[in-house]
There are 2 protein chains.
Amino acid sequence: MEYEQLKLDNQLCFRLYTAARLTIGAYHPYLDPLGITYPQYLVLLVLWEQDKQPVNDIAHKLFLETNTVTPLLQRMEKAGLVMRTKGKEDTRQRIVSLTKKGIEMREQAKHIPDCLSDEIIQITGEEEEFVRMIPSLDKLIAGLKQNNQQLNK
Amino acid sequence: MEYEQLKLDNQLCFRLYTAARLTIGAYHPYLDPLGITYPQYLVLLVLWEQDKQPVNDIAHKLFLETNTVTPLLQRMEKAGLVMRTKGKEDTRQRIVSLTKKGIEMREQAKHIPDCLSDEIIQITGEEEEFVRMIPSLDKLIAGLKQNNQQLNK
DNA sequence: TACTTTTGCATCGTGAACGATATAAATTTG
DNA sequence: CAAATTTATATCGTTCACGATGCAAAAGTA
């Protein structure tokens with residue numbers, strides 16, 4: 001049993017990785033008609049909560065690097081969902097704001113979380129089990145974020 | 001509060017997506033010295049459990065599509081970790097087997113799961129909380145797998 | 001046996017993710 | 001105030017992830 005630990009079955013990360021991919025897959029039927037991807041949907045969620053944010057703030061809220069978010073925003077700009085304007089106080093900043101199309105998409109998207117919740121309930125019989133997971137995931141995310149950052153110093 | 005549902009904080013998927021990315025990030029210090037990526041590590045886990053498997057079996061165990069796994073295996077072959085030979089009974093199949101280098105890497109990797117467990121314990125104070133998540137994640141994965149498959153029919 | 005369908009794998013194109021690096025503007029320091 | 005440093009964003013290269021498509025071998029069917 002020397003290599004017992006190396007069994008795929010024993011691994012938490014593999015579960016997270018797979019569950020994330022498959023859950024994102026479950027968004028496809030709802031996001032495809034809108035012509036957006038899941039990461040683009042996340043950017044819209046951030047901007048719907050507060051319009052006109054610099055790239056860095058968006059990246060920070062999504063726990064992503066700016067070199068991931070920049071091309072994402074460029075594609076969203078090309079798709080007519082957002083505009084990127086130079087910052088006024090700090091000209092290094094790019095302020096990202098929603099276009100009319102981006103604002104209007106909120107209405108089309110507002111049912112999506114309910115649809116996903118329903119699907120999870122339908123899969124599992126109960127919702128509670130997954131609501132209970134959320135604080136644990138938040139704790140994990142906060143801890144890993146800190147650990148990974150310390151490595152880069 | 002019409003759009004309350006859209007708030008990022010309410011989303012399970014975002015947690016899974018972020019936790020998965022950051023956990024994979026936590027593997028970097030252990031995988032970089034071996035010169036492999038996390039998905040490549042997963043392929044090795046599968047092959048260490050059972051050598052000589054067709055592409056399809058590997059993909060299935062990882063819940064990935066073959067068009068993801070094929071290029072992954074091609075890179076691993078170029079790196080000298082695996083060999084891909086034509087199947088004997090079914091010549092359409094490609095049987096993937098470990099090279100000497102791939103077999104030997106098991107010894108170097110065997111401590112990794114313990115290291116990650118320790119890190120999670122250190123982050124959160126206790127392991128139980130995350131062990132408890134595993135059956136829920138498995139239930140979610142199984143359900144989503146079935147749902148997504150039905151969409152492709 | 002000829003024909004159709006399915007299966008196993010590969011290729012291509014697009015969109016993330018992210019490390020490394022670049023660049024210009026702001027900030028700090030001497 | 002000039003020089004060094006930090007910050008905000010962008011660019012580039014590599015590796016996934018996956019839908020769409022292609023192709024040859026196997027399996028099923030008339």
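Residues numbered from 1 in each chain as written. Chains lettered and ligands numbered in written order. Predicted model: local features only at pLDDT ≥ 70, side-chain atom pairs only at ≥ 80, totals over all residues. Heavy atoms only, no water.

The local shell around DNA strand D holds 25 residues, among which A:Y17, A:R84, A:R92, B:T37 and B:R75 are the closest. In DNA strand D, atoms within 4 Å of the protein come 73% from sugar and phosphate. Between DNA strand D and A:R94, the relevant distance is 3.0 Å, taken from a phosphate oxygen to a main-chain nitrogen or oxygen of the residue. Of all the secondary-structure elements, those providing two or more residues to the surface near DNA strand D are helix 1 (12-31), helix 3 (55-61) and helix 4 (66-78) of chain A together with helix 2 (38-49) and helix 4 (66-78) of chain B. Classifying every residue of the surface near DNA strand D gives six nonpolar, 11 polar and eight charged. (Near = heavy atom within 4 Å. Polar contact = N/O pair within 3.5 Å; in protein donor to acceptor, adjacent residues only side chain to side chain. Helix = DSSP H or I, 4+ residues; strand = E, 2+ residues; numbered from the N terminus. Nonpolar A, V, L, I, M, F, W, Y, C, P; charged D, E, K, R; others polar.)

Residue and element names in this part refer to chain A. Here helix 2 (residues 38-49) crosses helix 5 (residues 100-109) at 105°, and the two axes come no closer than 10 Å. Between helix 2 and helix 5, the angle is such that the two are roughly perpendicular. Of helix 5, the residues touching helix 2 (which contributes Y41, L44 and W48) are G102, I103, M105, R106 and A109. Residues of the contact of helix 2 with helix 5, tallied by class, amount to six nonpolar, one polar and one charged. (Axes fitted to C-alpha atoms, helices over the stretch in contact; angles between N-to-C directions. Parallel < 35°, antiparallel > 145°, perpendicular 65-115°, else oblique. Contact = heavy atoms within 4.5 Å.)

On the chain A side, the residues contacting the 63 residues of chain B number 64 residues. For the salt bridge of B:R15 with A:D138, the shortest nitrogen-to-oxygen distance reads 2.5 Å. For the side of chain B that touches chain A, the secondary-structure elements that each account for two or more residues are helix 1 (12-31), helix 2, helix 5 (100-109), helix 6 (112-124), helix 7 (128-131) and helix 8 (133-151) of chain B. The element that contributes the greatest number of residues to the side of chain B that touches chain A is helix 1 of chain B, accounting for 17 residues. Classifying every residue of the side of chain B that touches chain A by side-chain character gives 36 nonpolar, 11 polar and 16 charged. (Salt bridge = Lys/Arg side-chain N within 4 Å of Asp/Glu carboxyl O.)

A word on the relation of the copies chain B and chain A. When chain B is fitted to chain A, the best match, at an RMSD of 0.1 Å, comes from turning it 180° and sliding it 0.0 Å along the axis. In the structure described here, the two chain copies are related by an operation that fits a two-fold rotation axis. It is B:L16 whose C-alpha, among those of chain B, lies nearest the rotation axis, at 3.0 Å. (Least-squares fit on C-alpha atoms with pLDDT ≥ 70 in both.)

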